[in-house]
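Each chain, letter by letter, is given below.
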Amino acid sequence: MGLDLSSDFDGNRIQAIVDEHINLEGPLLPILHAVQEDLGCIPQEALPVIANKLNLSRAEVHGVMSFYHDFREQPAGRHVVKICRAEACQSMGSDAIAEHAKSRFKIGFGDTAPDGSVTLEAVYCLGLCACAPAAMVDGKVIGRVDEARIDAISSEVRS
Amino acid sequence: MTVTIYIPGDSGAVALGADDVAQAIVGEAQKRGADIKLVRNGSRGLYWLEPMLEVATDGGRIAYGPVSVGDVSALFDAEFLSGGAHALSLGNPEDIPFLKNQTRLTFARCGIVDPVSLEDYEAHDGLKGLRNAVSMAASDIVQTVTDSGLRGRGGAGFPTGIKWKTVLDEAGPQKYIVCNADEGDSGTFADRMIMEGDPFVLIEGMAIAGLATAATKGYIYLRSEYPDAIRIMNAAIGIAREKGVLGASVLGSGKAFDIEVRVGAGAYVCGEETSLLNSLEGKRGVVRAKPPLPAHKGFLGRPTVINNVISLASVPVILDKGADYYRDFGMGRSRGTIPIQIAGNVKHGGLYETAFGLTLGEIVDEIGGGTATGREVKAVQVGGPLGAYFPRSKFDTPFGYEEFDGEGGLIGHAGVVVFDDTADMLGMARFAMEFCAVESCGKCTPCRIGAVRGVETVDRIARGDTSAIPLLTDLCDTMKDGSLCALGGFTPYPVMSALTHFPDDFHANAKEAAE
């Protein structure tokens, strides 16, 4: 499944982002973050542009990008729901919350709904361990999540 | 007269509705024509009372909590702006036993000051340590930190002063201070709290480290899961630069030091220092073999101090009040204070800074108040995902590096996660292996392959094949002794402690299988 971005992929935009960060010491992660912030993902077409500018091979850039959980090759859904699956949240029943979310959103962790409304992701600790279970919806933190809250989030992201 | 109201902007408080409460308070104040000033402070760390707002009255600060939007109108009716009585009133927050019994050195200002006000920071003893450091020789700063007994708060417990001395003794045109703010351990949030609640103390600590080692550039490697900490830290760095705390001449000393925040990208292993350095350089976060130590060849191959947030944030008070003052707290080789993070299934969850030496039982039962669900405490995991599960029989273990090590555990970043009697310890052992498999950087075989085999082996045991238990033990020995870093090397701690202390959970299906 290819990205539609290929037809109107703007290499100049990537160049500009790279230029903006090229003087940093160790610029690659800031560049990848900035590209994803700008385009919503890091399309494969961006890699040779970045690689060329940094005097790296395309494989090296791909290797870095694919190492980190944050970077995505395909755009996420319109909303991103992250549910903490780590120990402190498990102690407060996050496994059941996670199952409930899967069935409400009708997708698994790491998946995006076919209508593009929502992406469901696992996260390992949001630092909200004293108000577990925790979740994050579009960058906004939520503590003491229960099934009713998942239902409310579900209706919000689908509307 | 303008009344100052403090509502935490700490993400733990925000996760419980602090933003909505703040908005409601401002709206209601406008409606009633009340003259208020809103400060988004850090959290005091009493999370079961968050959102906890505080009003500055003539008689001192009065706290109310946990406040929901629905309470706001009634609080105004009760004249909370002058500290009026209300069911949610907690009185002077510093008289709440959870807070009153703490020894707050590193977290002295957290929850009290406006995190992005340098004036407020200075009014509460901020910058005193750095001012002292500016007039000291680098070697004297290092000696003070060494004498204080401060050890790495990230988990390894290495003496901070020794690390600094190694970097000071290294020649080189460019040295670095790298702050490890990749706080990925479940059950820990002290780094997040300090960065959101008192970012200047970290800046001050890093600047002192810079002066002590002749490093002029600092990086804070901050995990992407903490967007609020990233925002507040960047804002504070901007102010510090503007006011001459950072820059070409730190507090007019003629010595340069500046800081840049770098955002991680969701890899747990980057909390390991060499993996972090690779990530900072723009590489895959793969662990490096040691030696060379980062102090000799760290970021970009140059001498680098790499310290945890809390280690660095504890330095200003040491330089302000002296090595003896800090060292006099604690016990044995664990000197000073430790911010214990009480989390998970616990009634009173939050941050509790105290001298080393409390027993685990005191922390869990007395301070934490037992489980949130009201059930029996079954296990306590201390030190994050790589820490051991402690049963009640080990609750007399005093909180200290050597003491926990002696009991087959570790204090790690001082996170304490409580589980009630519904916890399935075989499931937790499986999760530890699964997490290691997902997060392994892949460099060494015991971790990369061992974790995958670990999950399979735990699954065999779960199916009733108890003959796989010696195999799991053997695998854990291999991972412990053969892994390159703490991820593969310490994953056996939760696994083996679960197996040793909760054998029933590993034999639950054994009989059925035998029949």
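Residues numbered from 1 in each chain as written. Chains lettered and ligands numbered in written order. Predicted model: local features only at pLDDT ≥ 70, side-chain atom pairs only at ≥ 80, totals over all residues.

## Focus on the overall build of chain A
This is how the line gets drawn: Under the scheme used here, helices are H or I runs from DSSP no shorter than 4 residues and strands are E runs no shorter than 2 residues, and both carry numbers assigned from the N terminus. Three exposure classes are used, all based on how many other C-beta atoms lie within 10 Å of a residue's own C-beta (placed from the backbone): buried at 20 or more, exposed at 12 or fewer, and partly exposed between those limits. Remark: residues whose backbone-derived C-beta atoms lie within 7 Å of one another are considered to be in contact.
When its secondary structure is counted, chain A shows seven helices and four strands. Its helices and strands in sequence order give chain A the pattern α-α-α-α-β-α-α-β-β-β-α, from N to C terminus. Evaluated residue by residue, chain A yields a buried proportion of 40% over its 159 residues. Across chain A, the fraction of contacts at a sequence separation of at least 24, relative to all contacts at a separation of at least 6, is 60%.

## Notes on helix 9 (residues 190–197) of chain B
Counting buried residues along helix 9 of chain B, eight of its eight residues qualify, which places the element largely inside the surrounding structure. Among all positions in helix 9 of chain B, only Ala190(B), Asp191(B), Arg192(B), Met193(B), Ile194(B), Met195(B), Glu196(B) and Gly197(B) are buried.

## Some details on the nonpolar core
The test is simple: Joined through C-beta atoms within 7 Å, a set of buried Ala, Val, Leu, Ile, Met, Phe, Trp, Tyr and Cys residues constitutes a nonpolar core.
Counting residues in each nonpolar core, the largest one holds 221 residues, and the members touching the most others are Ala134(A), Val178(B), Cys179(B), Ile194(B) and Ile203(B). Of the residues forming this core, the biggest block, ten residues, is contributed by helix 10 (residues 199–213) of chain B. Beyond its immediate chain neighbours, meaning those up to four positions away, Ile203(B) contacts Ala236(B), Ile237(B), Ala240(B), Val245(B), Leu246(B) and Ile259(B).

## Concerning the domain arrangement of chain A
Condition: Note that the domain bounds were set by an automatic or database domain assignment.
For chain A, the assigned domains are domain 1 (4–67) and domain 2 (79–158). The C-alpha centroid of domain 2 of chain A is placed 30 Å from the C-alpha centroid of domain 1 of chain A.

## A closer look at the pairing of strand 7 (residues 217–222) of chain B
All names here are of chain B. For the record, the criterion: Paired strands are those between which DSSP finds at least two bridges.
Burial of strand 7 is extensive: five of the six residues sit out of reach of the surface. Sheet topology note: the strand 6 (residues 176–181)/strand 7 ladder contains six bridges and is parallel. Bridge pairing in strand 7 links Tyr-176 to Lys-217. The sheet contact formed by strand 7 and strand 8 (residues 258–263) spans six bridges and is parallel.

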